[in-house]
Amino acid sequence: MPEAFGVPGGPPGPPGHSFACAACGAGSGVEQAAWRCACGGPLELAEAAPFSRAAIDDAEPSFWRYARALPPLDPRHRVRLGEAVTPLLALELPAGRAVLKLDYLFPTGSYKDRGLAVLVSWLRSLRIRSVVEDSSGNAGAALAAYTAAAGIECTIYVPASNSPGKLAQAAAYGAELVPIAGDRAAVADAALRAAATRFYASHNRCPMFLAGVATLGFELVEQLGWRAPDHVVVPAGYGSLVLGLHWAFRALVAGGVLGGLPRLHAVQTAAYPALAAAWAGGADEVDARGGGPTLAEGIACRRPLRGRALLRAIRESRGTVTSVGDDETLEALRALVRRGVYVEPTSAVAAAGHARLATDGTIAPTETVVVVLTGSGLKAATTIGDLLAGRRG
Ligand SMILES: [Zn+2]
């Protein structure tokens, strides 16, 4: 029987549903306001239908041009802030030539707008008026912006230890921020408790977020002239880029557009190496690992919720998982910024991974490699200035 749902080897589910429970296999659709299955299990994105060039909405200039690949949503509910197709930039980096995908050029300054624009459009279609979320960075800012545009009340639980600067953007959009003492897990627990009375718009749990992130895969392939790159390198904490790209590339293979999957390389920070450790150990599951400060705060995740799916996706693509130290991240950040590409340190993790993979021969000089740059340097201008001046790090 073909694998109908989610990742290869994932739970089978009834056809015609957009989501499937990873625990019991039950299917569900976009008409259900749920961030998890009735059994309590996590919801996964159902396998994408085959996608080909003919399915594109050519009149649509944004990532919504790939809407036919996504769970069905009435276009009238789309929440827009002026998203555009983000540019590709071919650049000679110290380790070799790379095609940079400038996905930080979104309205709120990060690729998370893809996922949260789709997630909030779905919430609007369900007439949800009030949401809670837990986030300390780019996802919170993106959720705050899109809920503001949609007229949805938004409360975000954040670590009390966070610097106020990082939260200023979400607050400016009008989100209520609730600081919680303790670690990241304590913040998530607080959001879960609040979810008893309000919708939990968790970007890490709602599969609609992944569907939005998946548009990156379709967009890349269209921009490259309907060809797959040999490699795609992304930063990975919870791993939404890996899962979203894998989902899109599988749909393009099924649609006959691509002959095979590009190799997906996930790059972690050495301070939070849960996925890299599982990969190195040949495991099927990801255990919690890491902690403490890192330059790559956007991927400071002790344990991704979809660890098993991540490992499967990377294996199927013949990719790799690696982790880089803050020294390598800083070196990569310097190389990017000095060439005019102003990104936040978490984005530089992918470039540091590219350097590593080009040096160890995983990526050959003749191959096409796309490095996804996820967050704008404007979000971390003071930090970047201090780092490059040697005042920090
Ligand atoms: Zn279930």
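Because the structure is a prediction, the values reported are computed rather than measured.

Trainee: Which residues make up the coordination of the zinc ion, and what values go with them?
Mentor: Within the first shell, the zinc ion binds the protein through Cys-21 (SG), Cys-24 (SG), Cys-37 (SG) and Cys-39 (SG), at distances of 2.3 Å. Taken together, the four donor atoms coordinating the zinc ion span angles of 104 to 116° at the metal, a pattern that classifies the geometry as tetrahedral. Donor residues for the zinc ion sit on one chain with the sequence pattern C-x2-C-x12-C-x1-C.

Trainee: I'd like a rundown of the sheet that holds strand β2 (residues 27–28), residues and numbers included.
Mentor: Reading across the sheet, the three strands line up as β2-β1-β3 and stay open at both edges, with antiparallel pairing between neighbours. The sheet terminates laterally at β2 and β3 (43–45), the two strands that pair on one side only. Judged from the two bridges that link them, strand β1 (residues 19–21) and β2 form a sheet pairing that is antiparallel. Across the sheet, Ala-20 pairs through a bridge with Gly-27, a residue of β2. Sitting on the sheet, helix α5 (residues 207–223) is in contact with β1 and β3, with an inclination near 20° to β3.

Trainee: An account of helix α10 (residues 345–359) is requested, with residue identities and associated values reported.
Mentor: Across its 15 residues, α10 extends 21 Å between first and last C-alpha, which sits within 8% of the 21 Å expected from 1.5 Å per residue. Burial analysis of α10 places eleven of its 15 residues in the buried class, the great majority of the element. Taken together, the buried positions of α10 are occupied by Pro-345, Thr-346, Ser-347, Ala-348, Val-349, Ala-350, Ala-351, Ala-352, Gly-353, His-354 and Leu-357.

Trainee: Would you mind going over the packing of helix α1 (residues 112–125) against α5 in detail, with residue names and values included?
Mentor: At a closest axis distance of 7 Å, the pairing of α1 and α5 adopts a crossing angle of 135°. The pairing of α1 with α5 is recorded here as oblique in orientation. As for the relative orientation of α1 and α5, their crossing is right-handed in sense. Touching Lys-112, Arg-114, Gly-115, Leu-116, Val-118, Leu-119 and Trp-122 of α1 are Met-208, Phe-209, Gly-212, Val-213, Thr-215, Leu-216 and Glu-219, all from α5.

Trainee: Got a sec to walk through the pairing of strand β10 (residues 231–235)? Specific residues and values, please.
Mentor: Along any regular strand the residues' side chains alternate between the sheet's two faces. Most of β10 sits inside the fold, with five of its five residues counted as buried. Every second residue of β10 is oriented toward a common face, with His-231, Val-233 and Pro-235 on one face and Val-232 and Val-234 on the other, all of them buried. By the bridge criterion, five bridges tie β10 to strand β11 (residues 263–269) in an arrangement that is parallel. Residue Val-233 lies in a different strand from β11, and its bridge partner there is His-265. Between β10 and its parallel partner β11, the chain crosses via helix α6 (residues 240–254), and the hand of that crossover is right-handed. Pairing between β10 and strand β13 (residues 369–373): three bridges, direction parallel. Counterpart to His-231 in the pairing with β13 is Val-369.

Trainee: Can you tell me about the confidence of the model for the protein chain, naming the residues and giving the values?
Mentor: On average, residues of the protein chain score 93 in pLDDT, and 96% of them reach the 70 mark or higher. Note on residues 1–13: pLDDT is under 50 here. Beyond four places in sequence and across chains, it has 36 contacts.

Trainee: Would you mind going over the packing of aromatic side chains in detail, with residue names and values included?
Mentor: For the structure on display, the rule yields seven aromatic pairs. Considering the side-chain rings of Tyr-66 and Phe-218, the 5.8 Å spacing of their centres and the 25° angle between planes classify their relative orientation as stacked. Taken together, the residues Tyr-66 in the loop between β3 and β4 (88–93) and Phe-218 in helix α5 connect sequence positions 152 residues apart. Clustering of aromatic rings is evident, with ring pairs tying together Phe-19, Trp-122 and Phe-199.

Trainee: I'd like a description of the side chain of Ser-28, backed by residues and values.
Mentor: Within the secondary structure, Ser-28 is located in strand β2. When its relative accessible area of 9% is taken as the criterion, Ser-28 is described as buried. Residues within four places of Ser-28 in sequence aside, it is in contact with His-17, Ser-18, Phe-19 and Leu-43.

Trainee: Please provide a residue-by-residue account of the environment of Leu-295, values included.
Mentor: Looking at the secondary structure, you find Leu-295 in the loop between α7 (274–280) and α8 (307–316). Looking at Leu-295, the relative accessible area reads 9%, which means it is buried.

Trainee: Outline the packing of α1 against helix α2 (residues 138–150), supporting the account with residue identities and numerical values.
Mentor: The contact between α1 and α2 brings their axes to 9 Å, and the two run at 40°. One element, α1, and the other, α2, form an angle in the oblique class. Taken as a pair, α1 and α2 cross one another with a handedness that is right-handed. Contacts between α1 and α2 involve Lys-112, Asp-113, Leu-116, Ala-117, Val-120 and Arg-124 from the former and Asn-138, Ala-139, Ala-142, Leu-143, Tyr-146, Thr-147, Ala-149 and Ala-150 from the latter. Its residues assigned to classes, the contact of α1 with α2 shows nine nonpolar, two polar and three charged.

Each value, and the rule that gives it
- Residues numbered from 1 in each chain as written.
- Predicted model: local features only at pLDDT ≥ 70, side-chain atom pairs only at ≥ 80, totals over all residues.
- Heavy atoms only, no water.
- Donors = N, O, S within 2.8 Å, 3.2 Å for Na, K, Ca; no water.
- Tetrahedral: all angles 85-135°; square planar, octahedral: opposite > 155°, others 65-115°.
- Pairing = 2+ DSSP bridges.
- Helix = DSSP H or I, 4+ residues; strand = E, 2+ residues; numbered from the N terminus.
- Contact = heavy atoms within 4.5 Å.
- Axes fitted to C-alpha atoms, helices over the stretch in contact; angles between N-to-C directions.
- Expected span 1.5 Å × (residues − 1).
- Buried < 20%, exposed > 50% of the residue type's maximum accessible area, 1.4 Å probe, protein only.
- Parallel < 35°, antiparallel > 145°, perpendicular 65-115°, else oblique.
- Left-handed = near helix turned anticlockwise from the far one by under 90°.
- Right-handed = clockwise from strand over helix to strand, strands pointing away.
- pLDDT = per-residue confidence, 0-100.
- Phe/Tyr/Trp six-rings, centres within 6.5 Å; stacked < 30°, edge-to-face > 60°.
- Nonpolar A, V, L, I, M, F, W, Y, C, P; charged D, E, K, R; others polar.

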